[in-house]
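# Reading the structure
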Amino acid sequence: MNKLYFLLLCVSCIACSQGETPTNNIDFQYDLRETYEMEAKRMAQSKAAQSNDDIEVVTNKKKVRELLQYIESKEIQTSSYTPSTYQPEEPQYSEVWKKGDAYKKGDDSVLPQLLENLASDDTQNRMDVYNSIHQFSNDTIHPGIRHKELSQAILANLSKESDQMAIVNLLRYSELEGETEALHQLLISGEFKREKRLIFLISSKAKEKKSLDYIVGKLMNNDGNLFDIRYLFQSLETFARNGDASMKSNVVKHSKKIVGQFVDMENPYNENRVSAASTPLSIPMRMILQHGGKENIPFAKKCIAHGILFDDAIKALARWGDKDIGNLLKERLSQAKTYNETLPYAKEYYLEHKDKEMLDGILKGFEISIPRMNWHYERFISTLKEIGQESQLQKMENFVSQPEIIETTKKIYVIKNGNHDSFAKELLDMGLISQAIPKEKLELNNSNEYGTINQYVYQVLEESGISHWFDAEPGMVPVDYDVLFHRLIQNTDNRLSEAKVRMDTQVDGDGQVQYDIYLYWDERVFIGHPSDIGDWYQVGFVISIFNKALEASGMKERFVSADTGDQTALLIFGEPEKIYYLLAKYRVGF
């Protein structure tokens, strides 16, 4: 969350608070509001367009040579380091560790030495075995723990308190023969001091019903604050997420017991019982809705009636095919104010029951919903794709009367079906880049299901060498215009590689920063003085001085700003009409 939104949230929360407010809190509220208004003003100043008139242009050859020498006399300071100059220290490994690493890579000849070390009284040697054969590795492919006797030797050491944490960490990424029963015995023994870690491991493997029964029994018999045993509730979710159908069924069975003991569904906000809407009790309730069957329809309806877990409850009823929920969804699809929030549930219902009336409601309600934003169109398109009705987009005239909605939907459909390769090719075909972007720089997965409709556009621009996306509030004073200029120069498809920049600053008695920016390009020096707006770049000035330099040299290219909707700035280098065409076509900033 950026700072402006955070400040606005703070101001809103304080303004809405109830009861007596001490004087210092009132002062704090106004300080926050004043800070927010100041930051909003600075962001507006940062992004405002600037005039070229205040930029001095030096063309006298002698003066240009003098200024160029002056510019080059100051090196730009950046916080980055060159990877080639960074030499990490080589780690020192013991002989035991080296044997474990050799085993991990497939060398079975070291097995006797590993077994000998695991049976020894040398704690460090045992630790080196556990850590070296750890199955989580970024730099090698290994077959895992292949020998039953090695698994038995490791699990036998669970009785040693000094070894328990190392073995538990090892088991997070390894499968040992006999581990399920061994972990269960460790759990019920109570000898493992970090019970939360052990329960997480057991529930993530989700193989032992006895362990689930034990954890739930511990939860049910707890007399303390339920929030203190939240980790026990969370284990239900982990068992269900990682377990098979039988394990999910057991989670639902236990969840019903828990809800029956702690929640009064007839009066879920009874002060004498724990609120059903509170966490952690919402976890077992959600397990019933997510993994239970049609017999839980009355429970889901009670959740909806009390406004508890509305999202999960309405999805469950849609999935279970409850007649009442079907009618409710169809009614909500026909209303502009509830169409968009109802669409995901209608999709669930249609996928399960192929109800033609539900499909009609999805199609006809789209125009009624008065789509305005990209995501309205995107959600509608995604819904049709997911329910196998993508062909409806080719005959929208049957259910939409407004041509502009039809046109926009089809345009966004084209964008949504684009990918990294196709957009990179378009940049090349339009002449915005001079060389194809290397395949290795483009994401291998061209799927765009979980991003915005044009997420691939931003990703390709990042690799294109003609754009720079940055935070307009770098969070330092003076702000580093010289670094920003340098990075922009690097993102001009090598067209401005000979440009030079220098920044000088002075701070007056009132703390105001005087900026002197020198930009050398094509035998000219351009000098400008952005105003001090705190820790924000004056992005309008940056665009203005670069574009004046480009215009003076007769180049067609300019820096064009794309609206990001927040305090970041996206500048793209190229012929403006081509950039504006792409921004409109791919709805960047809409």
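Predicted, not measured: the structure shown is a model, and the values here were computed from it.

Within the protein chain, the secondary structure is distributed over 26 helices and seven strands. Element-wise, carbon and sulfur atoms account for 48% of the exposed surface of the protein chain, whose accessible area totals about 31000 Å².

At a closest axis distance of 10 Å, the pairing of helix α20 (residues 374–386) and helix α21 (residues 403–416) adopts a crossing angle of 70°. With respect to each other, α20 and α21 are oriented roughly perpendicular. Residue-level inspection shows Asn374, Tyr377, Glu378, Phe380, Ile381 and Ser382 of α20 in contact with α21, the latter providing Ile405, Thr408, Thr409, Ile412, Tyr413 and Lys416. Of the residues contributing to the contact of α20 with α21, the split by class is six nonpolar, four polar and two charged.

What follows is about the sheet that holds strand β4 (residues 513–521). Pairing within the open sheet is antiparallel, and its four strands lie in the order β1-β5-β4-β3. Edge positions in the sheet fall to β1 (56–58) and β3 (500–507), since each has one partner strand and no second. Averaged over all pairs of adjacent strands, the angle between strand axes in this sheet comes to 15°, irrespective of strand direction. As judged from the three bridges shared by β1 and strand β5 (residues 524–528), these two strands associate in the antiparallel manner. Residue pairing for β5: Val58 is matched across the bridge by Val525. In the packing of helix α24 (residues 481–490) onto the sheet, contacts are made with β3 and β4, and the angle to β3 comes to roughly 165°. Across the sheet, helix α25 (residues 539–552) is in contact with β1, β4 and β5; its angle to β5 comes to roughly 160°.

Ile154, Phe380, Tyr481, Phe485 and Leu496 are the most contacted members of the largest nonpolar core, which has 157 residues in total. Top element by residues in this core is α25. It accounts for eight residues. Apart from residues lying up to four places away in sequence, Tyr481 is in contact with Met503, Tyr515, Ile517, Pro530, Trp536, Tyr537, Gln538, Phe541 and Val542. Of all hydrophobic cores here, the second largest spans nine residues; its members include Ile71, Tyr518, Tyr520 and Val525.

Along helix α26 (residues 576–585), the residues classified as buried are Pro576, Ile579, Leu582 and Leu583. The arc that holds every buried residue of α26, seen down its axis, measures 130°, which confines them to one face. Buried residues along α26 sit in contact with α22 (420–429), β6 (558–562) and β7 (568–574). Arg587 occupies a position one or two residues after α26 and carries a positive phi of about 50°.

Counted under the stated rule, the structure contains 32 salt bridges. Put simply, Lys74 and Asp504 hold a salt bridge, and the shortest N to O gap is 3.6 Å. Here Lys74 is found in the loop between α3 (61–72) and α4 (95–104), whereas its partner Asp504 is found in strand β3, with 430 residues between them in sequence. Overall, the relative accessible area of 34% leaves Lys74 in the partly exposed class. Here Glu341 ties to Arg332 by a salt bridge, and the two come within 2.5 Å at their closest N and O atoms. We classify Glu341 as partly exposed; its relative accessible area is 43%. Judged by relative accessible area, Arg332 falls into the buried class, the value being 15%. Each of Glu175, Glu179, Lys205 and Lys207 takes part in salt bridges that share partners, so that together they form one network.

Right, let's talk about the confidence of the model for the protein chain for a bit. Chain-level pLDDT for the protein chain is 85 on average; 83% of the residues reach the 70-or-more range. In the model, residues 78–86 has pLDDT below 50 throughout and makes two contacts with residues more than four positions away in sequence or in other chains. Taken as a whole, residues 137–141 scores under 50 in pLDDT and shows four contacts with residues more than four places along the chain or in a different chain.

Of all five residues in β5, four are buried, a share of seventy percent or more. The antiparallel pairing of β4 with β5 creates a hairpin that spans two residues between the two strands, and Asp522 there sits at a positive phi of about 55°.

In this section: the environment of Asp108. Here Asp108 lies in the loop between α4 and α5 (111–118). The exposure class assigned to Asp108 is partly exposed, which follows from its relative accessible area of 36%. Along the primary structure Asp108 and His147 are separated by 39 residues, whereas in three dimensions their C-alpha atoms are 9.1 Å apart. What Asp108 contacts, discounting residues up to four positions off in sequence, is Tyr103, Arg146 and His147. A polar contact of 2.5 Å, which involves the side chain of Asp108, links it to the side chain of Arg146.

The N-to-C vectors of helix α10 (residues 195–205) and helix α12 (residues 230–242) enclose an angle of 20°; their axes lie 8 Å apart at closest approach. On the basis of the axis angle, α10 is roughly parallel to α12. Helix-helix and strand crossings are classified by hand; for α10 and α12 the assignment is right-handed. Between α10, through Glu195, Lys196, Ile199, Ile202, Ser203 and Ser204, and α12, the contact on the second element is made entirely by Tyr231, Leu232, Ser235, Thr238, Phe239 and Asn242. In the contact of α10 with α12, the residues fall into five nonpolar, five polar and two charged.

This brings us to empty space enclosed by the protein. Inspection of every chain in the model, using the stated rule, returns two cavities of 30 Å³ or more. In this model, the largest cavity occupies a volume close to 70 Å³. Lining the largest cavity are Phe423, Leu427, Leu432, Val457, Leu461, Ile466, Ile572, Ile579, Leu582, Leu583, Tyr586 and Val588. Roughly 60 Å³ of internal volume is contained in the second largest cavity. Of all elements in the fold, only α9 (179–189) and α10 reach the threshold of two or more residues within the lining of the second largest cavity. Of the residues that constitute the lining of the second largest cavity, the class distribution is three nonpolar, one polar and four charged.

Let us look at the pairing of β3. With eight bridges joining them, β3 and β4 adopt antiparallel strand pairing. For Lys500, the partnering residue across the bridge sits in β4 and is Tyr520. Between the end of β3 and the start of β4, which pair antiparallel, lie five residues, with Gly511 showing a positive phi angle near 85°.

Moving on: unusual backbone geometry. With an omega of -5°, the peptide bond running from Val477 to Pro478 counts as cis. Looking at where Pro478 falls in the secondary structure, it is placed in the loop between β2 (467–471) and α24. The backbone of Ile370 sits at a positive phi, close to 55°, despite the residue not being glycine. Tracing the chain through its elements places Ile370 in the loop between α19 (356–368) and α20.

About the criteria used
- Residues numbered from 1 in each chain as written.
- Predicted model: local features only at pLDDT ≥ 70, side-chain atom pairs only at ≥ 80, totals over all residues.
- Heavy atoms only, no water.
- Helix = DSSP H or I, 4+ residues; strand = E, 2+ residues; numbered from the N terminus.
- Areas by Shrake-Rupley, 256 points an atom, 1.4 Å probe, with all protein chains shown as cover.
- Axes fitted to C-alpha atoms, helices over the stretch in contact; angles between N-to-C directions.
- Parallel < 35°, antiparallel > 145°, perpendicular 65-115°, else oblique.
- Contact = heavy atoms within 4.5 Å.
- Nonpolar A, V, L, I, M, F, W, Y, C, P; charged D, E, K, R; others polar.
- Pairing = 2+ DSSP bridges.
- Core = buried A, V, L, I, M, F, W, Y, C linked by side-chain atoms within 4.5 Å.
- Buried < 20%, exposed > 50% of the residue type's maximum accessible area, 1.4 Å probe, protein only.
- Arc of directions from axis to C-beta.
- Salt bridge = Lys/Arg side-chain N within 4 Å of Asp/Glu carboxyl O.
- pLDDT = per-residue confidence, 0-100.
- Polar contact = N/O pair within 3.5 Å; in protein donor to acceptor, adjacent residues only side chain to side chain.
- Left-handed = near helix turned anticlockwise from the far one by under 90°.
- 1 Å grid on protein atoms, 1.4 Å probe; cavity = no way out; pocket = protein on both sides within 12 Å on 5 of 7 lines; lining within 4 Å.
- Points joined across faces, edges and corners; volume = space filled by probe spheres on them.

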